[in-house]
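# Breakdown of the fold
Each chain is listed here by its residues.
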Amino acid sequence: MKRLVVVGNGMAACRLLEELTRLAPDLYQITVVGDEPFAGYNRVMLSPLLGGGTDEKTITTHPHQWYRDRNIRLITGTPVVAIHRRRRQVETAAGHMLDYDRLLLATGAAPRQLPVEGVSLDGVVSFRDLYDVRRLLSLSAARVVVVGGGFLGLEAADALVKQGHDVTLVHSRGHLLNQQLDESAGHRLQQDLEARGLKFVMQARTQSIEGISLEKDKPKKGSGNNRSEVARGRVAAVHLADGQRLPADYVVQAVGIVPRAELAASAGLTVNQGVRVDDTLQTFDPAIYAIGECVEHRERTFGLVAPLYEQASVCASHLAELGHRRYLYADSATRLKISGIDLVSCGDFLGDKEKGASQGETLQLNLPGSYRRVQIRDNRVVGMVLYGDVSDAPFFEKLWNEKTDISALRETLLLGEAFCKRPGDSDENSEEIAA
């Protein structure tokens, strides 16, 4: 029996294990090494967990028994510190020496750190894993500044408001989710979150984090030149580039992620933004594969679940020695995970991403409970934003994915599927729908 070692136990790794044990249940003796002391859990559900909408047991997708039922050895609470490629062996911090015939790297990504003075102060936290959620749930009523107006920052800020904290979100752009929403939808989102008690400072950049000495209890800016002084200090305020000072007891960094590729680099694998892989998710070492947020494929890195799951499926087919599949990135829709606020975004919703192409046409509907923007080019949907009422999201996504000619639907397209005469529908059916 061949030996497979999986480094990482996140969502991509767990999906690969599901696929591989289905395709080739007796091909490998599998060992999984995770640096967190937990079994497999759904990282997407950390925001509802922080907001009190679920619990740790519910978000655990692969409990320890799941691994035992499949004869998978699970080692938790220790990172892999070295890959010895010539010996085909990996070494953990706890001293395990694990031989492999095939090695899968699924080391994920780390939260990006703010490049400012004071970032090492006590009270500066990230929102990335179960440890972070536990820490944030342990806070007593506090003033919290969240830096970053992307999905993660908004989800964390909304959840912290629900926990009773005084929360201010700082974002460097003019509207929220600027990579997923147009300006109109971004402003509507801000208004809805303000109604819940969340405060915003827009078009602002964090310049430094002010600390207070735990020994002298005097305000002092965190200094990168005196690490012992920083380590003894705790957060007092956030200073913005325009001179504003935001008092804070805690600062949550939500400014993106960085692929965790140091292990691969130290083993001599090719690393650029992430671990370089080909269309089979193989590194240049034929015994080593990589999937998930740690990889770079065709100059692209990844942070959404859909491409990670597709990578896991393709890679599993090759590990199962059924290698007829290739991974090619396919854009997917994104959704916000905040209770009571629904939005879906996909594609080129501004009509400006395709070089050399005309901008096309924008169809827009703006009602009290619903905002819809659909971008059309050459009679095809190239992107959309739905906010509020997203019940027609599957309909628009299908048009977008299948590149359907919408010429016959144009007049009623924004009203949704129930009002559209689809290609192939008879006039009789259309009359019935209209009636």
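Residues numbered from 1 in each chain as written. Predicted model: local features only at pLDDT ≥ 70, side-chain atom pairs only at ≥ 80, totals over all residues. Heavy atoms only, no water.

## Quick look at the overall build of the protein
Put simply, the rule reads: Working definition: helices are DSSP H or I runs of at least four residues, strands are E runs of at least two. Numbering for both runs from the N terminus. The globule rule used here is 2.2 Å times the number of residues to the 0.38 power, and the radius of gyration it is set against is calculated over C-alpha atoms. Exposure classes here rest on a 1.4 Å probe applied to the protein chains alone. A residue is buried below 20% of its type maximum, exposed above 50%, and partly exposed in between. Between two residues, a contact is recorded if the distance between any of their heavy atoms is within 4.5 Å. Reported accessibility uses the Shrake-Rupley method at a 1.4 Å probe radius. Residues are deemed covered only where the shown protein chains occlude them. His is not counted, nor are the chain ends, whereas Lys and Arg count as positive and Asp and Glu as negative. Lysine's charge is taken at NZ, arginine's at CZ, aspartate's at CG and glutamate's at CD.
The number of helices and strands found in the protein is twelve helices and 28 strands. Its C-alpha atoms give the protein a radius of gyration of 24 Å, within 12% of the compact-globule value 22 Å for 435 residues. Each of the three principal axes of the protein carries a C-alpha extent, and together these read 70 × 65 × 45 Å. Looking at the protein as a whole, 51% of its 435 residues qualify as buried. The long-range fraction of contacts in the protein, counting pairs at least 24 apart against all pairs at least 6 apart in sequence, stands at 61%. If you sum the accessible surface of the protein, you get close to 20700 Å²; carbon and sulfur atoms cover 45% of it. Taking the average location of the 52 positive side-chain charges in the protein and that of its 56 negative ones, the two points are 7 Å from each other.

## A short note on the sheet that holds strand 9 (residues 102-105)
Which entries qualify depends on this criterion: Any two strands with at least two DSSP-identified bridges between them are counted as paired. Lines fitted to C-alpha atoms define the axes here, with helix axes fitted over just the stretch in contact, and angles between the N-to-C directions of these axes take values from 0 to 180 degrees.
If you walk across this open sheet you meet the five strands as 5-2-1-9-22, and the pairing is parallel. Across the chains shown, the open sheet's two edge strands, defined by having one partner strand only, are strand 5 (73-76) and strand 22 (288-290). Put simply, the sheet's adjacent strands are angled 15 degrees from each other on average, direction ignored. On top of the sheet, helix 1 (residues 11-23) reaches strand 1 (2-7), strand 2 (28-34) and strand 9; it is set at about 170 degrees to strand 2, its chief contact. On the sheet, helix 10 (residues 305-319) packs against strand 1, strand 2, strand 9 and strand 22 and is oriented at approximately 165 degrees with respect to strand 22.

## So, helix 11 (residues 393-402)
Inspection of helix 11 places A393, F395, F396, E397, L399 and W400 among the buried residues, and these make up the whole buried set. On the buried face of helix 11, the contacting elements are strand 24 (334-335), strand 25 (343-347), strand 27 (370-377) and strand 28 (380-388). Of the residues one or two after helix 11, K403 is the one with positive phi, at around 50 degrees.

## Some words on the packing of helix 1 against helix 10
Quick note on the threshold: Two helices crossing with the near one rotated counterclockwise from the far one by less than a right angle form a left-handed crossing, whereas a clockwise rotation gives a right-handed crossing. Here the nonpolar group is Ala, Val, Leu, Ile, Met, Phe, Trp, Tyr, Cys and Pro; Asp, Glu, Lys and Arg are the charged ones; every other residue, Gly included, is treated as polar.
Helix 10 packs onto helix 1 with a crossing angle of 35 degrees between their chain directions and a minimal axis gap of 8 Å. Seen along the crossing, helix 1 lies across helix 10 with a hand that is right-handed. Facing M11, A12, R15, L16, E19, L20 and L23 of helix 1, the residues of helix 10 in contact are V305, L308, Y309, A312, S313, C315, A316, S317 and L319. When grouped by side-chain class, the residues that make up the contact of helix 1 with helix 10 number twelve nonpolar, two polar and two charged.

## Comments concerning helix 7 (residues 183-194)
Heads up, the rule is: To estimate how far a helix should reach, multiply one less than its number of residues by 1.5 Å.
For helix 7, which comprises twelve residues, the first-to-last C-alpha distance of 16 Å matches the rise-based estimate of 16 Å (1.5 Å per residue) to within 8%. Tucked inside the fold, the buried residues of helix 7 contact helix 6 (151-162), strand 14 (199-201), strand 25, strand 26 (361-367), strand 27 and strand 28.

## Side note on the side chain of E210
To keep things clear, this is the line we draw: Polar contacts here mean pairs of N or O atoms no more than 3.5 Å apart (in protein, one a potential hydrogen donor and the other a potential acceptor; neighbouring residues in sequence count only if both atoms are side-chain atoms).
Among the structural elements, E210 can be located in strand 15 (residues 206-213). Residue E210 is classed as buried on the basis of its relative accessible area of 8%. For E210, the side chain forms a polar contact with the side chain of H239, separated by 2.6 Å. A distance of 3.0 Å separates polar atoms of two side chains, one belonging to E210 and the other to R245.

## As for the nonpolar core
The criterion, for reference: Think of a nonpolar core as a cluster: buried Ala, Val, Leu, Ile, Met, Phe, Trp, Tyr and Cys residues, connected wherever their side-chain atoms sit within 4.5 Å.
Grouped together as the largest cluster of nonpolar side chains are 54 residues, with contacts concentrated most on L16, L20, I30, L103, L105 and I291. For I30, the residues in contact, after removing those within four places along its chain, are L4, V6, L17, L20, T21, N71, I72 and R73. With 41 residues, the next largest nonpolar core counts F38, F151, V167 and L336 among its residues.

Remember, this is a structural readout, not a statement about activity or role.
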